[in-house]
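What follows is each chain in one-letter form.
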Amino acid sequence: MTKKLFLILFIAISTVSFAQDYEWKESTSGGYAYKYVTNDPTHARFYTLKNGLTVILSPTPKEPRIQCYVAIKAGSKTDPATHTGLAHYLEHMMFKGTDRYGSLDWAKEKPELDKIDDLYEQYNKTKDEAKRKAIYHQIDSVSGVASKYAIANEYDKMMSAMGAQGTNAFTSFEQTVYTDDVPSSALDKYLAVQAERFRNPILRIFHTELEAVYEEKNRSLDSDGSRVFETLFGELFKKHNYGLQTTIGTIEHLKNPSLIEIRKYFHKYYVPNNMGIILSGDFDPDVVIRKIDDAFKYMQYSPVPKYTFEPEAPITQPIIKEIIGPDAESVTMGFRLPGNKDKDVLLADLVGSILTNGKAGLIDLNLVKKQKLLRASAFTYTLIDYGLLYLSGSPTSGQSLEEVQKLILEQIDNLKKGNFDDDLIPSIVNNIKRDKIEDTESYYDRASLLMDAFTSELDWRDQVAYVNNLSKITKAEVVAFANKYLGNNYVAILKRQGENPDTKKIEKPAITPVETNADKQSPFVKMIEEMPSIPSDPVFLDYDKDIQKANIGNAMVLYVPNKDNTLYNLSYRYKIGSHNDLKLPLAVQYIQFLGTDQKSAEQISKEFYKIASTF
């Protein structure tokens, strides 16, 4: 019988030194010029191809896989005011194929799709409900004919066949991102598929996809969390599309989609100078950049209009709104802050961590650990044009939402008065440093950080220097920031429990099930399957050479040096577990509440937090 082991694990930083230089440099390798930031732990290379396409490559050989993003700097913020939800619609349709895959016979399919285009335009311009119903019946009928020539899900089949994981996409305010995690041996196949995917997407099987989008909208209308979020942003941003439009769109616009407008959006924003290909994983960047250039050089540069907006008027007094729904009661609050390029953005991030960090924040210690609130959190939500300090709290039994709001505001007042430990800021900086280092250990996290910086239009040098810059902030600067931005200029959403008095739904039109031709395959898919894989040599662990062994008394010590960064893990393993004593799992959970003869459990927790150690 295998015994379960009793395990105690520490993760910490072995040094807290921040003194490094971070500068943009230029270099050339493999025939391509690129930029990089000195002392960047991701070793990222930033290329700009001749057509303006941004390529960011971060090689790391730890796993034989590559996290891949194709990112577009456009989202719901740039939706036309007359067609909200359009960017999200397009994201869904990018999985439907092109004229080369997803179709049995493009020559026969295209005339039917053209008819559907025209019918949707008629449908959108028609107000009479009986006539609209008749037109939609025609759309449904012609869609049935068109589907006879379509092959559903060929993109997903190609990605699955090459060993991809996490195939998906998402749309937000300022980004639409397509994501795949592929074996490094399948990179050639991946690039061939992506280059074709963005060449000429075909909006086929559209009305059945509408059903999926309608379902998403109906779920958001039923979700108390979505209603709170949209109400908060709507009150904070009266002139900006952060508050004027939602990513999923309005009911009216979703009921009147325009395929012509979707194509216009694609041609306006899905251009190389507004796109980025971000890869992190096991590859040679000199080889990969040439392959990407060859695959995407057909794309043509096209100017992209810049989003413009009127500045928001100051909020001069609290704005209180109520939401009623079945979920548990809560309070959500927001203070409007500057955008992500403002000089105060670092302070905004730090303020969120001073309020809550899970261990030693003002709200953590004064409200949650003392059980004055059931739960509470605070964080900064920073976008390109504006940001906000986002706070939430849940009441204990019998507590009113007004009391929750008052308790949260008291912690804001403590922040403004500087009523927090002097060592809290350096403790937070140490913990953020540990988190940043951990992020660079994973090829997935590296790619995600680089992608977010690209779509958020952030300077990567500032991201690499983030902890160094954060460590220079003083307590006085934090207090000044809090007094500048956190006054009576907030929005509070009181989420009360009850029946939603304003229930709305999108009525789904009658849709006849269509043929999917799931057993068919286009020539393009066959070509991808027949492409050779890139050879990959496995690397095996040698337990005799790769693990150092010693003894301390009766205890065996196993040691593996970390040659990548300044983190270390320390584990104590005891050869006793739940098979020996069923109470041990409960005892282990109790450790976090135990102190010593010199320190309380809370003091121990704070001491570990100071040195950025998890326990």
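Residues numbered from 1 in each chain as written. Predicted model: local features only at pLDDT ≥ 70, side-chain atom pairs only at ≥ 80, totals over all residues. Heavy atoms only, no water.

Draft legend 1. Molecular detail of the sheet that holds strand E11 (residues 330–338). Across the sheet, which stays open at both edges, the five strands sit in the order E10-E14-E11-E13-E12 with mixed pairing between neighbours. Of all the strands in the sheet, the pair left with one neighbour each is strand E10 (319–325) and strand E12 (375–382). Taken over all neighbouring pairs, the strand axes of this sheet differ in orientation by 15° on average, direction set aside. When E11 meets strand E13 (residues 386–394), the two strands line up antiparallel, connected through eight bridges. Bridging from a neighbouring strand, Pro338 pairs with Tyr386 of E13. (Pairing = 2+ DSSP bridges. Helix = DSSP H or I, 4+ residues; strand = E, 2+ residues; numbered from the N terminus. Axes fitted to C-alpha atoms, helices over the stretch in contact; angles between N-to-C directions.)

Draft legend 2. How the structure looks around the side chain of Glu154. Here Glu154 lies in helix H4 (residues 154–161). Buried and without a salt bridge, Glu154 has Lys157 as its closest oppositely charged side chain, separated by 6.1 Å. A distance of 2.7 Å separates a polar atom in the side chain of Glu154 from the backbone nitrogen of Gly102. When neighbours within four sequence positions are excluded, Glu154 is seen to be in contact with Tyr101, Gly102, Ser103, Lys520, Gln521, Ser522 and Val525. (Buried < 20%, exposed > 50% of the residue type's maximum accessible area, 1.4 Å probe, protein only. Lys, Arg positive; Asp, Glu negative; His and termini not counted. Salt bridge = Lys/Arg side-chain N within 4 Å of Asp/Glu carboxyl O. Polar contact = N/O pair within 3.5 Å; in protein donor to acceptor, adjacent residues only side chain to side chain. Contact = heavy atoms within 4.5 Å.)

Draft legend 3. The packing of aromatic side chains, seen in detail. As enumerated under the stated definition, the model contains 29 aromatic pairs in all. Taking the centre distance of 5.7 Å and the plane angle of 50° together, the rings of Phe233 and Phe237 count as tilted. On the basis of relative accessible area, Phe237 is assigned to the buried category, the value being 1%. Over the aromatic face of Trp24 sits the side chain of Lys35, whose NZ or CZ is 4.5 Å from the ring centroid. When the ring centre of Phe420 is taken as origin, the NZ or CZ atom of Lys475, which lies over that ring, is 4.8 Å away. (Phe/Tyr/Trp six-rings, centres within 6.5 Å; stacked < 30°, edge-to-face > 60°. Lys NZ or Arg CZ within 6 Å of the ring centre and 35° of its normal.)

Draft legend 4. Inspection of the pattern of salt bridges at higher detail. All chains considered together, the criterion is met by 38 salt bridges. Across the pair Asp117 and Arg263 runs a salt bridge whose closest N-O atoms are separated by 2.7 Å. Here Asp117, found in helix H2 (residues 106–125), pairs with Arg263, found in helix H10 (residues 259–269); they are 146 residues apart in sequence, far enough to count as distant. A relative accessible area of 29% places Arg263 in the partly exposed class. Within this structure, Asp99, Arg100, Glu196 and Arg199 form a network of salt bridges that share partners.

Draft legend 5. Representation of the domain arrangement of the protein chain. When the domains of the protein chain are assigned, the result is domain 1 (65–308 + 523–530), domain 2 (319–497) and domain 3 (548–611). Taking the mean C-alpha position of each, domain 1 and domain 2 sit 33 Å from one another. For the domain 1 and domain 2 pair, buried surface summed over both sides reaches about 2900 Å², with 69% attributable to carbon and sulfur atoms. At the junction of domain 1 and domain 2, the tally comes to two salt bridges. Of the charged contacts, one joins Lys495 and Asp224 as a salt bridge, the two residues approaching to 3.5 Å between their closest N and O atoms. Our count for the domain 1 to domain 2 interface comes out at twelve residue pairs in polar contact (both at pLDDT 80 or more). Those elements that provide at least two residues to the side of domain 1 that touches domain 2 are strand E6 (65–72), strand E8 (176–183), helix H7 (224–236) and strand E9 (275–281). (Domains from an automatic or database assignment. Buried area = accessible area lost by both parts, 1.4 Å probe.)

Draft legend 6. The arrangement of the packing of helix H15 (residues 424–441) against helix H16 (residues 443–455) in detail. With their axes 5 Å apart at the nearest point, H15 and H16 run at an angle of 110° to one another. Between H15 and H16, the angle is such that the two are roughly perpendicular. Along its contact with H15, which presents Glu438, Asp439, Thr440 and Glu441, the element H16 presents Tyr443, Asp445, Arg446 and Leu449. For the contact of H15 with H16, the class distribution of residues is two nonpolar, one polar and five charged. (Parallel < 35°, antiparallel > 145°, perpendicular 65-115°, else oblique. Nonpolar A, V, L, I, M, F, W, Y, C, P; charged D, E, K, R; others polar.)

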